[in-house]
Amino acid sequence: MARNPAAQTAFGPMVLAAIEQHEPPGQRLVDDDLAARFLPGRMRWLVAATRPPLVRRLLVAGMDRGGPGLWSNLACRKRYIADKLDKALDGIDAVVVLGAGLDTRAYHLAQHSHIPIFEVDQPVNIARKAATVRRVLGELPRSVRLVAVDFEHDDLLTTLAELGYRTDYRTFFIWEGVTQYLTAAAVRSTLDGLRPVAPGSRLLFTFVRRDFIDGVNLYGARSLYRRVRQRQQLWHFGIQPEEVAAFLDEFGWRLIEQIGPHEIVERYVKPTGRNLSASQVEWTAYAEKR
């Protein structure tokens, strides 16, 4: 199977979610009993090694040295997505996960809902996901469709339609941890391609601040910047939080809410009693199609 640096980033968030399951239930930032099972064997060994609390604390501290607060962001954005999706379920007809990676959300949802779920990613990740689902669950749930797309070149809605998607579906689009890996042209093209979707559809996406991408403000994450901007040029697109509403408006979406580090800590971290910060580098936005 072909490998590329962007595709390999699919593992990180799921390793984090799996490690979080070792925390007592009231202290977890995210609940996901499938996370570890969806990982390759060598990564399941890593997750198992973090059962002792001291090992987990050292791991989180190590990650925070590279990107202060990112552990909270990566875990809590999944909680935020789950919260918004749960509240929206009665008013939507489909879910589309853009850049699905090894995310388990579709398979939790398929356990109690027959709503169609489309998992979209680059071909190498879709092939990996198909093999993973067969290994863990035996077969793909009937409500889940795997969709191979090159966000830089392919027409998203055309590809989705080939697998049963309809533009009159009120759809919940999840675009988690993806936009920074795309060019600005690909982000705009994706949003432009979503213009025909039904009013009342929802879009929840994460984004990286443009001042970090440009190296103007590193927010204490110098080693992260070196890794994703100077060594590998993995991250490309960024936008400032104060620009998001106008940016979405161009494509027919109304911003409902966006959350940054303060909201993450207040809403999700403090109730656990854990002493964790959140990063300024990544934010999350939630919008509705007009």
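Residues numbered from 1 in each chain as written. Predicted model: local features only at pLDDT ≥ 70, side-chain atom pairs only at ≥ 80, totals over all residues. Heavy atoms only, no water.

Description of the pattern of salt bridges
Within the structure shown, the criterion is met by 24 salt bridges. The partner of Arg-57 in a salt bridge is Glu-23, and the shortest N-O contact between them spans 2.7 Å. Highlighted residues: Arg-57 in helix α4 (residues 53-66) and Glu-23 in the loop between α2 (11-20) and α3 (41-49), separated in sequence by 34 residues. A salt bridge links Asp-168 to Arg-166; its shortest N-O distance comes to 2.9 Å. According to the relative accessible area criterion, Asp-168 is partly exposed, its value standing at 46%. Here the residues in one salt-bridge network are Arg-77, Lys-78, Asp-103, Arg-105, Glu-176 and Glu-282, joined through shared partners. (Salt bridge = Lys/Arg side-chain N within 4 Å of Asp/Glu carboxyl O. Helix = DSSP H or I, 4+ residues; strand = E, 2+ residues; numbered from the N terminus. Buried < 20%, exposed > 50% of the residue type's maximum accessible area, 1.4 Å probe, protein only.)

Some details on helix α5 (residues 70-88)
Three- or four-residue spacings in an α-helix give side chains the same orientation, since the helix completes a turn every 3.6 residues. With 19 residues, α5 should reach 27 Å at 1.5 Å per residue; the first-to-last C-alpha distance of 27 Å fits that figure. Burial runs high along α5: 14 of the 19 residues are buried. (Expected span 1.5 Å × (residues − 1).)

Examining the sheet that holds strand β7 (residues 282-289)
Ordered in space as β3-β2-β1-β4-β5-β7-β6, the 7 strands form an open sheet in which the pairing is mixed. Of all the strands in the sheet, the pair left with one neighbour each is β3 (144-148) and β6 (253-259). Averaged over neighbouring strand pairs, the angle between their axes works out to 20 degrees when direction is ignored. The pairing of strand β1 (residues 94-98) with strand β2 (residues 117-121) spans 4 bridges and is classified as parallel. Directly across from Val-95, in β2, lies its bridge partner Ile-117. (Pairing = 2+ DSSP bridges. Axes fitted to C-alpha atoms, helices over the stretch in contact; angles between N-to-C directions.)

Thoughts on the side chain of Thr-132
With respect to the secondary-structure elements, Thr-132 resides in helix α7 (residues 123-137). Accessibility expressed as a relative area gives 8% for Thr-132, which makes it buried. Aside from chain neighbours lying at most four places away, what touches Thr-132 is Phe-38 and Leu-102. (Contact = heavy atoms within 4.5 Å.)

Things to note about the packing of α4 against α5
For the pair α4 and α5, interaxial distance at closest approach is 8 Å and the crossing angle is 105 degrees. As the angle between them shows, α4 and α5 are arranged roughly perpendicular. Residue-level inspection shows Leu-59, Val-60, Met-63 and Asp-64 of α4 in contact with α5, the latter providing Leu-70, Trp-71 and Leu-74. Classifying every residue of the contact of α4 with α5 by side-chain character gives 6 nonpolar, no polar and 1 charged. (Parallel < 35°, antiparallel > 145°, perpendicular 65-115°, else oblique. Nonpolar A, V, L, I, M, F, W, Y, C, P; charged D, E, K, R; others polar.)

A closer look at α7
A rise of 1.5 Å per residue sets the reference length of α7, with its 15 residues, at 21 Å; its end C-alpha atoms lie 21 Å apart and thus fit the reference within 8%. Taken together, the buried positions of α7 are occupied by Val-124, Asn-125, Ile-126, Arg-128, Lys-129, Ala-130, Thr-132, Val-133 and Val-136. Note on α7: the residue one or two positions beyond its end, Gly-138, has a positive phi of about 90 degrees.

Focus: the side chain of Thr-50
Within the secondary structure, Thr-50 sits in the loop between α3 and α4. If we skip the residues at most four places from it in the chain, Thr-50 touches Ile-19, His-22, Val-55, Arg-56 and Leu-59.

Some words on the packing of aromatic side chains
Applying the stated criterion across every chain, the model contains 12 aromatic pairs. Ring centres 5.7 Å apart and planes at 75 degrees place the aromatic pair Tyr-165 and Tyr-169 in the edge-to-face group. Exposure remark for Tyr-169: the relative accessible area of 16% places this residue in the buried category. Connected via pairs of aromatic rings, a cluster forms that spans Tyr-181, Phe-212, Tyr-225 and Trp-235. (Phe/Tyr/Trp six-rings, centres within 6.5 Å; stacked < 30°, edge-to-face > 60°.)

Topic: the pairing of strand β5 (residues 202-208)
Within β5, 6 of the 7 residues are buried, leaving the element largely enclosed by the surrounding structure. Where strand β4 (residues 171-175) and β5 come together, 4 bridges link them in parallel fashion. Paired with Phe-172 across the strands is Arg-202, a residue of β5. Pairing between β5 and β7: 7 bridges, direction antiparallel. Directly across from Phe-207, in β7, lies its bridge partner Trp-283.

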